[in-house]
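# Structure assessment
Residue strings, one per chain:
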Amino acid sequence: MATKKFTRAAQDLFIQVLEDTCSPKDAAAAVGISRRLAFDYKQKDTEFRARWEKALEVALDALLDEAYRRGALGYEEPVIHGGQLSTVTDPTTGEQRPLTVRKHSDRLLEVLLKFRYGDQMADRLRVKVEESSGLDAAALLAMPSEDRKALTALLAKYEANKEREDGGS
């Protein structure tokens, strides 16, 4: 299966597949070489290493674009009702087409914001936490987001209750 020679044409195809998939395994399979051979070339050939790293940047940019599209712009999801695909009639053509709803991914938006503004968000959270509760911000950041949201909700209830008690005295 694995060839002994990793020709320039094979390297070009490898880089192209790597750009499309972000997967050295898939790229090696596409050109009929072992993954190990590809990594050996990457280690020994500085030009190939630079092309590999550039291909990964292109692939990761595409992933970021897709995450943004799904998170911010949304995507159409078919409506399933009673185990069946729901359809609507197109008023112009009279054709039946799937009924869809636009969905957005809050989780992807959260990941994108952390990716882009992670340090600033951590600093803001640290200041807010230290001012209001005395909790350790690093420990909060290490918590799963669901737990952090639950804790934030409880702290908000605590603050509201505290304000009511202070206002009533």
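Just so you know, these numbers come straight off a predicted model, no measurement behind them. (Residues numbered from 1 in each chain as written. Predicted model: local features only at pLDDT ≥ 70, side-chain atom pairs only at ≥ 80, totals over all residues. Heavy atoms only, no water.)

## A closer look at the pattern of salt bridges
- Scanning the entire structure with this criterion turns up 11 salt bridges.
- Residue Arg69 pairs with Glu66 through a salt bridge whose shortest N-O separation is 2.6 Å. Linking Arg69 with Glu66, this pair stays in helix H4 (residues 46-73), spanning 3 residues, or about one helical turn.
- Here Arg69 falls in the partly exposed class, since its relative accessible area comes to 32%.
- Judged by its relative accessible area of 28%, Glu66 is partly exposed.
- Between Asp90 and Arg97 there is a salt bridge, with its nearest N and O atoms 3.5 Å apart.
- Classification of Asp90 as buried rests on a relative accessible area of 19%.
- Through salt bridges with shared partners, one network takes in Arg8, Asp12, Glu47 and Arg51. (Salt bridge = Lys/Arg side-chain N within 4 Å of Asp/Glu carboxyl O. Helix = DSSP H or I, 4+ residues; strand = E, 2+ residues; numbered from the N terminus. Buried < 20%, exposed > 50% of the residue type's maximum accessible area, 1.4 Å probe, protein only.)

## Some remarks on helix H2 (residues 24-31)
- Of all the positions in H2, only Pro24, Ala27, Ala28 and Val31 are classed as buried. Axial view of H2: buried residues confined to an arc of 100°, hence all on one face.
- Residues of H2 that are buried make contact with helix H1 (8-21), helix H3 (35-44) and H4.
- Looking one or two places after H2, you find Gly32, whose phi comes out positive at around 75°. (Arc of directions from axis to C-beta. Contact = heavy atoms within 4.5 Å.)

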